[in-house]
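Single-letter residue listing:
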Amino acid sequence: MQHSIDICRFSWIRRLAVDYVYNYNSLAPFFAGDPSAPEAWQKTITRRLTLRPPSAFVDVLATQQQSRGAQSEALAATESLRRPDTLAVVTGQQAGLFGGPLFTLLKAVTAIKLARRLSQEQSVPVVAVFWVDAEDHDWNEVASCAVLDAGWQVKRVALEPPLGAGEMPVGSLKLSDNIRASVEAMASALPPNEFTATIINDLRRTYQSGTSMSKAFSLWLETVLGAEGLILFDSSDPAAKPFVKNLFEQELRHTQTAALAAEAGTQLVARGYHAQVTPHPESVALFRVDGVRQSIRRNNNSFTVGNAQVTLDDLLKALDRHPEQFSPNVLLRPLVQDTLFPTVCYVPGPNELAYLAQLKNIYERFEVPMPLIYPRDSATLLDSAAARFLKRNKLSLEVLQPQDEAILNQLLKAQLPEAVKQSVDEAQRALQARIETIIRAVPTVDPTLAGAARSTLGRMEHDLTALHKKILKAAKRNDSTLRRQFMCTQAQAFPEGRPQERVLGFVGFLNRFGPKLVDRLLTELPLDPKHHALITP
């Protein structure tokens, strides 16, 4: 069993993500520096220290944390941001139900580990920040959480959409009384053990009726990682918007973001990559949020907000009075993040990496230092029985992805007594040899019989194949243990045929492995974006 697997072996990893870590020079024009080069870190740190975020923003962070009762380690990390030399490693994700997929936890742990390593290697204070993307309006992205039940079946727990779902930012949606049923549904789905009661009690405490989706997510993630000093920031906080008002004004006055991103996308395609974002040429990288979220487009010298025509002066006045009514789209959000935080590095997933490749010129246009980009660690978590199954049968992880029994049949075939296997093989060879002799001889008697002889061979080979399949079926019945082990391992590694980290919520892994899971991830995740880690907590 390999505990470190080259990402090149995985079919779902796109070329851009592979080349970023293996052939950075091919993508160098699109990023601020190679994170594998020590000089890139030194250069980025120096550049970042020349532009400090507003110190009053730390008060906004602290107020958020106090409202959630954040742990002392997280509060201390926020206070360190008041120092002029503190830097941040930032990651983020949408506020998924019960914490979202496993990759959310992997992102956070990668950021924590990287911040600690940088602090030690560069002799500067570095904190880890998790940006809760609470201004996204895609309800379906956050409304469910999947776990494996006691029978290794995928069970999804979903929230009923509250009023405004799909139109209003997720951070403004309040959980209704239905959340109680969702928590109890999760309690029923999780295989019960000594950790289950604590986890369900924590979910009942953090996911309560009347709490916003983003606050519940933040409360839960702080429960899991707050003691590690992770700073949670809810991006929908109106109190933070005045600090990026100038950025929003620049976007309204000099709309070039969409054009710059489109140009970078064209260049990526010309190099054989893909453009993750294809913005409308007239789009402004902002939304107007007044009850519902509406896109903004420039039309010659005027603007359209939703279906309403407005002037630039109208938008600037609205921005000055109510900056909280504006939010960035996917192209401007990273710049908002790096205006508020002293970001030296951002930790993305593979899809984020692709759209970040379109932003370098936008950073330069706004004179915001672009951070280094360090892809998150990827991992598969298996219990000890599954790990032993892979090792004993000398299987690589990726062969389990196809949702069929091809690999199982190979294993079962290998389990057959050698005498049986040899007898079937010898019979097949002997049959072919004998019938071929007949086929060569019959034309001397009657040339038309050659076809009949070949048909006879085909029927006999078919019957022999059918017999072989019956033997395999008997082997399957006789070796139910092997079948069960295969199915359990496959269900863990590739639920529904997809990588575990993208399907299953990390709450299920906390239930299975307990509090030691976070410690094991902090110890065993390798900070190595070239490889996928196989971990048995």
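Residues numbered from 1 in each chain as written. Predicted model: local features only at pLDDT ≥ 70, side-chain atom pairs only at ≥ 80, totals over all residues. Heavy atoms only, no water.

## Quick word on unusual backbone geometry
Residue E496 is not a glycine yet carries a positive backbone phi of 60°. Note on placement: E496 falls in the loop between α20 (480–493) and α21 (500–503). (Helix = DSSP H or I, 4+ residues; strand = E, 2+ residues; numbered from the N terminus.)

## Regarding the packing of helix α3 (residues 57–68) against helix α9 (residues 213–225)
Running from N to C, α3 and α9 point in directions that differ by 80°, and their axes come no closer than 10 Å. What the angle tells us is that α3 and α9 run roughly perpendicular. Of the residues in α9, those in contact with Q65, S67 and R68 of α3 are K215, S218, L219 and E222. For the contact of α3 with α9, the residue count by class is 1 nonpolar, 3 polar and 3 charged. (Axes fitted to C-alpha atoms, helices over the stretch in contact; angles between N-to-C directions. Parallel < 35°, antiparallel > 145°, perpendicular 65-115°, else oblique. Contact = heavy atoms within 4.5 Å. Nonpolar A, V, L, I, M, F, W, Y, C, P; charged D, E, K, R; others polar.)

## Focus: the sheet that holds strand β1 (residues 4–6)
Taken in spatial order, the 3 strands make up an open sheet running β1-β15-β14, and their pairing is mixed. With one partner strand each, in any of the chains shown, β1 and β14 (378–381) form the two edges of the open sheet. Neighbour-to-neighbour, the strand axes of the sheet open up by a mean angle of 25°, direction not taken into account. With 4 bridges joining them, β14 and strand β15 (residues 531–535) adopt parallel strand pairing. When the sheet's bridge partners are listed, T380 is paired in β15 with L534. (Pairing = 2+ DSSP bridges.)

## Quick look at the nonpolar core
Within soluble globular proteins, side chains that are nonpolar tend to cluster in buried spots. If you look at the biggest cluster of nonpolar residues, it comprises 83 residues, and the most contacted ones within it are F31 and F341. Sorting elements by how many residues they give to this core places helix α1 (residues 15–22) first, with 5 residues. Excluding residues that lie within four positions of it along the chain, F31 makes contacts with Y20, Y24, L353, L356, A357, K360, M370 and I373. Membership of the second largest hydrophobic core comes to 76 residues, among which are V147, L159, V170 and L527. (Core = buried A, V, L, I, M, F, W, Y, C linked by side-chain atoms within 4.5 Å. Buried < 20%, exposed > 50% of the residue type's maximum accessible area, 1.4 Å probe, protein only.)

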